[in-house]
Amino acid sequence: MPAPWQICCDKKSRTKNAKAEMDNMAETSEKMQMKKEITLLNGVSLIVGNMIGSGIFVSPRGVLMYSASYGLSLVIWALGGIFSLFGALCYVELGTSILKSGGSYAYILEAFGAFVAFIRLWSSLLIIEPTTQAVIAITFANYIVQPIFPHCEPPYDAVRLIAAACICSLTFINCVNVKWGTRVQDIFTYAKVMALILVISVGLYKIGKGETENLRAPFEGSATSPGMIALALYSALFSYSGWDTLNYVTEEMQNPERNLPLSIAISMPIVAIIYLLTNIAYYVVLDMSALLTSDAVAVTFGGETLSHAKWIIPIVVAMSCYSGLNSSIIAASRLFYVGAREGHLPVSLSLIHIKRFTPVPALLFNGLMTLLYLLVEDVFLLINYYCFNYWLFVGLSIAGLIYLRYTQPHRPRPVKLSLFFPIVYCLCSLFLVIVPLYSDTINSLIGVGIALSGIPAYYLGVHLPAEKRPKCLLWLSGGCLKSSLPAGFSLVEETEMWTALEASGGCSTWR
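Computed from a predicted structure; not experimentally measured. (Residues numbered from 1 in each chain as written. Predicted model: local features only at pLDDT ≥ 70, side-chain atom pairs only at ≥ 80, totals over all residues. Heavy atoms only, no water.)

So, the pattern of salt bridges
The criterion, for reference: For this document, the term salt bridge refers to a Lys or Arg side-chain nitrogen within 4 Å of an Asp or Glu carboxyl oxygen. Starting at the N terminus, helices and strands are each numbered in turn, a helix being any DSSP run of H or I of at least four residues and a strand any DSSP run of E of at least two. Residue exposure (1.4 Å probe, protein chains only): buried if accessible area is under 20% of the type maximum, exposed if over 50%, otherwise partly exposed.
Under the counting rule described, the total for this entry stands at 9 salt bridges. The salt bridge involving E342 is made with K100; its shortest N-O contact spans 3.9 Å. Here E342 is found in the loop between α14 (312–341) and β1 (351–353), whereas its partner K100 is found in the loop between α5 (70–97) and α6 (104–112), with 242 residues between them in sequence. K100 gets classed as partly exposed once you look at its relative accessible area, which sits at 27%. For E211, the salt bridge is made with K206, and the minimal N-O distance between the two is 3.6 Å. Under the relative-accessibility criterion, E211 is labelled partly exposed at 27%. Residues joined by salt bridges that share partners form a network here, namely K100, E110, E342 and R411.

Below, the structure is given as structure tokens:
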């Protein structure tokens, strides 16, 4: 039997046993796909775990800062939940009619074709996914080391090393077994929800005692400028992002036609209610100046109310980050896996481990990209570059729902919404695209430039016939992979690249 990573480009050098093994692997690859191991409960945990990140613990002040009153801020939080529910319902229809993993990338590909889908994938690869994950990992590390350095800034190197360890550990867990990843998600999601229930319980106890001074004139001083209200709503909607997580793993869901809609129907009300009640608890205990100046609202809240148990909050924030990072890694790795399967990324990223049924190369690629972004000193600045891109592509994917209604009217749709929902969401998405252009023009234009940098990449790597592409791209796309698959891996789907490679004599045949 050949060694696991042995390269066998010379057909004559193979033993009969090795050749038989390769033939068996080729036959197996015809029917290889990831197992359907994600249950309804796992789905709810993935959505809730990704939506409730560190933001509600650390800095829910954006909405309050722009709305300028407790009452209006709660209205904005409720409107954000309703708007996000509209988007999630649209994704229910898309996810049950297009049974592909990959989220908005898969839906844009189906509706608008390869070029627009590639630009969406390129934006995720270069900025959205690695930046998001690097920021979550750094936040996790900061809260882990906070008890050791309570009165000073923690060492830069220590924070980055712990962040890197967090990324590597979760990448390893998800490489080993899909169930390991979902169990981690379940446990840490339960922990963060229990912590928020604790915060809410303290707030309700204070209200029960009549300590409601902060809420006696809830709308006093409310912002009246449309621009300020728009920015407040924008902050709330960003806190609700993550409701599309399950659409990235549709192919791995058990009975997605049933469990995808149920997961979203259960998760969205849970998150909206938790957000509203948590903010009410904050408002009862802390005055507006304390809320707006605190770098970590939940920690300040714990210091005011939990006495000797205040140490619970930093630990829970770290656990929340760990859960959010895990769900982000699961979703991003499937995005890259599906992109490779469609021929938009190196085909090696579409490999699945033949025994563990996990997309190991896609997971490793995602982990490596995130580790590289940890080397950027001010990685938080990079978040400003992708707000425009994020809302543009989410809105575009839902516009695809409307487009497919007219171009493919007979497509089976287990869930079919009134067009009122996608039309309203698309109009609001247009607003969300305009807001960052208005409020943060330079950074938004940089984000646009990053997306447009995918045009030459698409031309060279996808549009050109395989035999005319630069040799370095062919090498990145697999080289002799077809004849040298590592033991334990299988290609899900062949692409035209193999035809070109065989025609040029670049590799011996796989079968």
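So, a nonpolar patch on the surface
Our working rule: The patch calculation keeps residues exceeding 30% relative accessible area without a salt bridge and links them within 9 Å when they carry like charges or within 5 Å when they are nonpolar (Val, Leu, Ile, Met, Phe, Trp, Tyr). Method for areas: the Shrake-Rupley scheme with a 1.4 Å probe, in which residue coverage is limited to the protein chains shown.
Together, V75, L79, I82 and F219 give the surface a local cluster of nonpolar side chains, amounting to about 360 Å² of exposed area. Secondary-structure assignment places F219 in the loop between α9 (178–208) and α10 (226–240).

Comments concerning helix α17 (residues 420–439)
For clarity, the cut-off: What a helix should span is 1.5 Å times the count of its residues minus one. Any two residues having at least one pair of non-hydrogen atoms within 4.5 Å are treated as being in contact.
The end-to-end C-alpha distance of α17, which contains 20 residues, comes to 29 Å, matching closely the 28 Å that a straight helix rising 1.5 Å per residue would cover. Buried residues of α17: P422, Y425, C426, S429, L432, V433, V435 and P436, and no others. Lining the buried residues of α17 we find α5, α10, α16 (383–407) and α18 (441–452).

Things to note about the side chain of S124
Inspection of the secondary structure assignment puts S124 in helix α7 (residues 114–145). Those residues in contact with S124, other than ones at most four positions away along the chain, are E129, P130, L335 and F336.

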